[in-house]
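So the chains spell out like this:
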Amino acid sequence: MPIRPSSSAEIRQLIEALGGADDVRREAAVARLAVIGPRAVEHLLQQYPAATARGRAGMLRALEASGDARVLPLARQSLDDPLSSPEIAGATIGVLRAFLGSNQRDVARDALDALLTVALDHAKPAELRTAAVDAMRDLPASVVEPMRQTLARDPNVLVRERVESPPEQPGQPAMVWRDAVEGRLPSSPAMMKAAVAAFAGAARLIELQHVVDAIRLHEAHEADALRRAEWRSVRGIVHQALAARGSRLALYDLRDSLLEPERLPVTFLAAIEEIGDATCLEPLAAAYDASSRSGDAWWREHLAAAFRAIVRRDGLTRRHAAVKRALARWPDATADLMARS
């Protein structure tokens, strides 16, 4: 069954949450707006000028994965935003980094130009200039090496050593994406994230599914916990792209991921809220039951929100077979979730 388009009222409420003091609601709103995708971009662009500094930073984070060229001028303007804050600056660098992988050459060029301008501007804070340099680490050496040599002489800017990609993985977003679809991932999660930002919006759904499977397999063999979390974050972004297009092609991965012992990024639950169905109720109840023992209130609230979205969207009651199964296995958790729905 196709998903119901999100209403303007819902998007306005999510945008309001971006400027609020509740960090849990704010993070959920960022992820949800990213999942909604093109339907939210117009609202975010229109309301950005009137938003607070905190709200603007949240909007930029929600727009990072949109791939919409209209976001680039906004990001460039935000570099000189009178309301600028470290959070706005960081979110802006994230947007520009994502556009480096754009398949529109003028967009990628303008994003690179903006990052170079920041990196070379002595009037900018050192932290911002360092972030701009770091955002360009995965570009070909021929593009950024002259700039790196100049900045290396600046004591106020930290120029990290560039990690060269293996010869068979030159790091070009288009090649990274093609390889990922075929199951070959780059060495860096950041490279994969840039490729996802550039190509996921227009990719075939089956390609997105293949990338989800490839990342999930890579995570399973990644020994470093921090690196594994970075890959999981990228997998969540791919799920956002699928959910934004109303696809349940990789819903099995969302369900299975709920049973993992490690807490998932909020992007996973935002995707489940958008495209989840009755088959998600049991794993949601299982994860909710586990969260009651762990005391993780943040995770617990997001699980409840996803469960509630499915129950309300599909009009499910205690008489539905999926609800009965969840009640039989996790009676307390399911009863609590149904009461909150």
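Residues numbered from 1 in each chain as written. Predicted model: local features only at pLDDT ≥ 70, side-chain atom pairs only at ≥ 80, totals over all residues. Heavy atoms only, no water.

**Student:** What is the right way to read the packing of helix α16 (residues 281-294) against helix α18 (residues 321-329) from this model?
**Tutor:** To describe two helices that pack against each other, one gives the angle between their axes and the distance between the axes. Where α16 contacts α18, the two axes come as close as 9 Å, and the packing angle between them is 30°. With respect to α18, the element α16 is oriented roughly parallel. Here α16 and α18 pass one another in a crossing that is right-handed. Judged by residue contacts, Leu281, Glu282 and Ala285 of α16 engage Ala322, Val323, Arg325, Ala326 and Arg329 from α18. The residue makeup of the contact of α16 with α18, split by class, is five nonpolar, no polar and three charged. (Axes fitted to C-alpha atoms, helices over the stretch in contact; angles between N-to-C directions. Helix = DSSP H or I, 4+ residues; strand = E, 2+ residues; numbered from the N terminus. Parallel < 35°, antiparallel > 145°, perpendicular 65-115°, else oblique. Left-handed = near helix turned anticlockwise from the far one by under 90°. Contact = heavy atoms within 4.5 Å. Nonpolar A, V, L, I, M, F, W, Y, C, P; charged D, E, K, R; others polar.)

**Student:** For this particular structure, what's the right way to read helix α11 (residues 189-199)?
**Tutor:** Side chains three or four residues apart in an α-helix point the same way, a direct result of the helix having 3.6 residues per turn. Judged by how many residues are buried, α11 sits mostly within the fold: nine of 11 residues are covered. Considered for burial, the residues of α11 that qualify are Pro189, Met191, Met192, Ala194, Ala195, Val196, Ala197, Ala198 and Phe199. Of the residues that open α11, the one with a side-chain oxygen 3.1 Å from the backbone nitrogen of alanine 190 is serine 188. (Buried < 20%, exposed > 50% of the residue type's maximum accessible area, 1.4 Å probe, protein only. Polar contact = N/O pair within 3.5 Å; in protein donor to acceptor, adjacent residues only side chain to side chain.)

**Student:** Honestly, the pattern of salt bridges in this entry has me stumped. Any pointers?
**Tutor:** Where charged atoms from two side chains of opposite charge approach closely, those side chains can pair. According to the stated counting rule, one finds 29 salt bridges in the structure shown. With a closest N to O distance of 2.2 Å, arginine 32 and glutamate 274 form a salt bridge. Here arginine 32, found in helix α2 (residues 23-36), pairs with glutamate 274, found in helix α15 (residues 266-275); they are 242 residues apart in sequence, far enough to count as distant. No difference in accessibility class separates arginine 32 from glutamate 274, as the two residues are buried. The salt bridge partner of glutamate 260 is arginine 235, with a shortest N-O separation of 3.7 Å. With a gap of 25 residues between them, glutamate 260 in the loop between α14 (251-257) and α15 and arginine 235 in helix α13 (residues 225-244) connect regions that are remote in the sequence. By relative accessible area, which is 0% here, arginine 235 ends up buried. Here the salt bridges share partners, and the residues they tie into one network are Arg216, Glu219, Arg228, Arg232, Arg235, Asp253, Glu260 and Glu262. (Salt bridge = Lys/Arg side-chain N within 4 Å of Asp/Glu carboxyl O.)

**Student:** Whenever I open this one, α16 confuses me. Can you help?
**Tutor:** Over its 14 residues, α16 runs 20 Å from end to end, which matches the ideal 20 Å to within 8%, given 1.5 Å per residue. For α16, the complete set of buried residues consists of Leu281, Glu282, Pro283, Leu284, Ala285, Ala286, Ala287, Tyr288, Asp289 and Ser291. In this structure, the buried side of α16 is in contact with α14, α15, α17 (297-314), α18 and α19 (331-339). Where α16 terminates, the next one or two residues include glycine 295, which has phi positive at roughly 75°. (Expected span 1.5 Å × (residues − 1).)

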